[in-house]
Amino acid sequence: MTFSPALEERFAKLLKSYPPGRQRSALVPMLLYAQDEVGSITDELIDEIATRIGITALQVTEVMSYYSMLHRTPMGKYHVQVCTNISCLLHDGDKLYEHACRKLGIGHKEVTADGQISLEEVECMGACSWAPAIQVNYDFHHKVTPEQLDGIIDGLRKKQ
Amino acid sequence: MLFNEPSPLETRVLTRRFGTPDSASIDTYLKDDGYQAFLKASKMKPEEIIEEVKTSNLRGRGGAGFPTGMKWSFVPRTSPKPKYIVVNGDESEPGTCKDRVLIENDPHQLIEGVLIAGLAVDAHAGYIYIRGEYRYLIEVMEKAIAEAYEKGWLGKNIQGTGFDFDLYAHSGAGAYECGEESALLESLEGKRGIPRIRPPFPAVVGAFQCPTVLNNVETFFAVPSIIRDGGAAFAALGVPKAGGTKMTCLTGHVNRPGVYELKLGFPVKQMIEEVGGGIWKGRKLKAFIPGGSSCPVLTAEEVEGATMDYDSMAGRKTMLGSGGVIIIDDHTCMVKAALRIMRFYAHESCGWCIPCREGTTWLRKILTRFHAGDGTRQDINLVGDIAKNMLGRTFCPLGDAAAMPTISIVEKFRHEFEDHLNGKPCPYEQQGSLVGV
């Protein structure tokens, strides 16, 4: 399996970042960075990373299933994550999430028919003082109103 | 960048450089006396550094509040094993968004704090563990680390001191539990973040089975100023037994939510009224959570006379915690709040300890039913009983974190549970259902 030169460079750096014999430490960041490029954690990706680190595919699968950001099925090109945890809830984050469901016509961890946009109700993302917050992929948006959410989603549709 | 206006009531120690143009760059950091505390520390004996940190009364800022100098002194400095410094930047406690602001605005201050810890315990490598959602901070940190190598503040023989240190940024991938130190260390080793049984504590057996200093981002941020201005000066900013300032995240129903640096011992009422601009929409305070959703909830009456420090909060049977203050107005349904908090802990429980795995799941189910109007009178006691049976019965504090707010809400807002016994959805709001339950 081949990756982009930038990702290969990142992998090489990661594998050198830990003490000798401790290359397994690179596993979680490698999976996350690879998922960003490949779209999801595929069987092929699991085998590839297992080989590079020198552990079994089963060990990789065991670890990946623990982390909520790692997923086996592809999300959309734009993954819209709406926080409804307590500080966002107090600023109607739950209603914002319901609004996003209606706007996109999809629910939790679902992808639009064209595969472009996916939605997830997420736990606290560390934007509590600027609630309600959402992330589109890794980009934060703070104090989001339903109207602003519409604008963000319309903007993503245009970018396709 | 800053996401909220600063307050004139802040005491700027950790955030002293906030607002400086390009504050994250090494050039501006060096111009503002950056890395001078490291040079000063490099001329001190390790015991003197630890003594200075002890004098400062700095306590761990991640939530537990353990004295930092004492934690460092537990590291067996003469052990033949390598020692490591690990920075906990897994900030995931609901209500908490301070480490994000610190790293984004002044990453070199974190590097300097780590270097000083390295001098104190004879460590020569460190890892900054940052939650996966904070991807942009990994980039901020990697850029800062590269700058520091380039200018000779990391690497071999730093600035001719003879001290070597390598530093790496490490990304998590979504797991609240990895904020717990032993789970974080497992995660750093490429495993599931299942907590380790202790003792041994990380100071003796930590990262890669070697002695390790593991502290929160904010704790390391305090170290350069302690060395620069002296531990006594830092101690004087706070209260007896807890020195310095606390990064405080005001969240929820205040007019000016935001992250503010306040002296330890800051009066809660003044913080809500003057820093936060008071409760929004002219409403009244109903409930107050001092430091993240795992802390027991205080009522408006209990907040009278309270100050933001460890002892004041312990005296009210809650905790200062992480600094994630959650302010709840009198229009809020506390059953709904309890349910949302429990949904989070049920989602994050790793399943290793049965009382946590089963307890959080059952509490989520019962509270969901209750909030929908299908609860029974016996359920109210059942919620309290299940939560109490989780306390102290798990490897890591996640079980306690789920139990403590629940017990306090049932005890202090029992009448709100009783108000849900009329067979109808939540009486406190028109839209009674919680999404996704």
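What comes next is a walk through the structure. (Residues numbered from 1 in each chain as written. Chains lettered and ligands numbered in written order. Predicted model: local features only at pLDDT ≥ 70, side-chain atom pairs only at ≥ 80, totals over all residues. Heavy atoms only, no water.)

**Some remarks on the interface of chain A and chain B**
Across the boundary between the two partners, chain A contributes 48 residues, which contact 67 residues of chain B. Carbon and sulfur atoms supply 55% of the area buried between chain A and chain B, which totals about 4700 Å² over both sides. The largest contributions to the chain A side of the interface with chain B come from A:Tyr66, A:Leu90 and A:Trp130, which together make up 15% of the buried area. Between chain A and chain B we count 6 salt bridges in total. (Contact = heavy atoms within 4.5 Å. Buried area = accessible area lost by both parts, 1.4 Å probe. Salt bridge = Lys/Arg side-chain N within 4 Å of Asp/Glu carboxyl O.)

**Quick look at the side chain of B:Glu133**
When you line up the elements, B:Glu133 lands in the loop between β2 (125–130) and α7 (135–150). B:Glu133 has contacts with A:Met69, A:Gln135, A:Tyr138, A:Phe140 and B:Gly174, leaving out every residue within four places of it along the chain. (Helix = DSSP H or I, 4+ residues; strand = E, 2+ residues; numbered from the N terminus.)

**Quick notes on the nonpolar core**
A:Tyr67, B:Trp72, B:Leu110, B:Ile111, B:Met141 and B:Phe165 are the most contacted members of the largest nonpolar core, which totals 119 residues. No other element matches helix α6 (residues 107–121) of chain B, which puts 9 residues into this core. When sequence neighbours within four positions are dropped, the list of residues in contact with B:Ile111 reads B:Tyr35, B:Met141, B:Ala144, B:Ile145, B:Ala148, B:Leu154 and B:Leu167. In this structure, B:Ile326, B:Ile386, B:Leu398 and B:Cys426 belong to the second largest nonpolar core, which totals 41 residues. (Core = buried A, V, L, I, M, F, W, Y, C linked by side-chain atoms within 4.5 Å. Buried < 20%, exposed > 50% of the residue type's maximum accessible area, 1.4 Å probe, protein only.)

**A look at the pattern of salt bridges**
Within the structure shown, the criterion is met by 40 salt bridges over all chains. Across the pair B:Lys336 and A:Asp94 runs a salt bridge whose closest N-O atoms are separated by 3.0 Å. Placement of the pair is B:Lys336 in helix α14 (residues 334–348) and A:Asp94 in helix α6 (residues 93–104), with the two residues belonging to separate chains. Both residues of the pair, B:Lys336 and A:Asp94, belong to the buried class. The partner of B:Glu218 in a salt bridge is B:Lys246, and the shortest N-O contact between them spans 2.7 Å. Taken as a pair, B:Glu218 in helix α9 (residues 217–229) and B:Lys246 in strand β5 (residues 245–252) lie far apart in primary sequence, 28 residues in all. Across the pair, exposure class does not vary: B:Glu218 and B:Lys246 are buried alike. Among the charged side chains, a salt-bridge network with shared partners connects A:Arg22, B:Glu186, B:Glu189, B:Lys191 and B:Arg196.

**Notes on the environment of B:Ala300**
Residues and elements named next belong to chain B. Along the chain, Ala300 falls in helix α12 (residues 300–303). With 102 residues separating them along the chain, Ala300 and Arg198 place their C-alpha atoms 37 Å apart. Look past the residues within four positions of Ala300 in its chain and what remains in contact with it is Leu285 and Lys286.

**So, the sheet that holds strand β4 (residues 212–216) of chain B**
All names here are of chain B. As summarised here, the arrangement of the 4 strands in space is β3-β2-β1-β4, forming an open sheet in which the pairing is parallel. With one partner strand each, in any of the chains shown, β3 (166–171) and β4 form the two edges of the open sheet. Along the sheet, successive strands turn relative to each other by an average axial angle of 20°, direction set aside. Bridge count between strand β1 (residues 84–89) and β4: 5 bridges; the pairing is parallel. Residue pairing across strands places Ile85 opposite Val213, the latter belonging to β4. In this fold α9 packs onto β1 and β4, with an angle of close to 100° to the strand it touches most, β4. (Pairing = 2+ DSSP bridges. Axes fitted to C-alpha atoms, helices over the stretch in contact; angles between N-to-C directions.)

**Some words on the packing of aromatic side chains**
How two aromatic rings sit relative to each other is set out by the distance from centre to centre and by the angle between their planes. Residue and element names in this part refer to chain A. Counted by the stated rule, this structure contains 20 aromatic pairs over all chains. When the ring of Tyr66 is compared with that of Tyr67, the centres are 4.8 Å apart and the planes differ by 75°; the resulting orientation is edge-to-face. Owing to a relative accessible area of 12%, Tyr66 belongs among the buried residues under this scheme. Of the residues examined, Tyr67 reaches a relative accessible area of 2% and is grouped as buried. (Phe/Tyr/Trp six-rings, centres within 6.5 Å; stacked < 30°, edge-to-face > 60°.)

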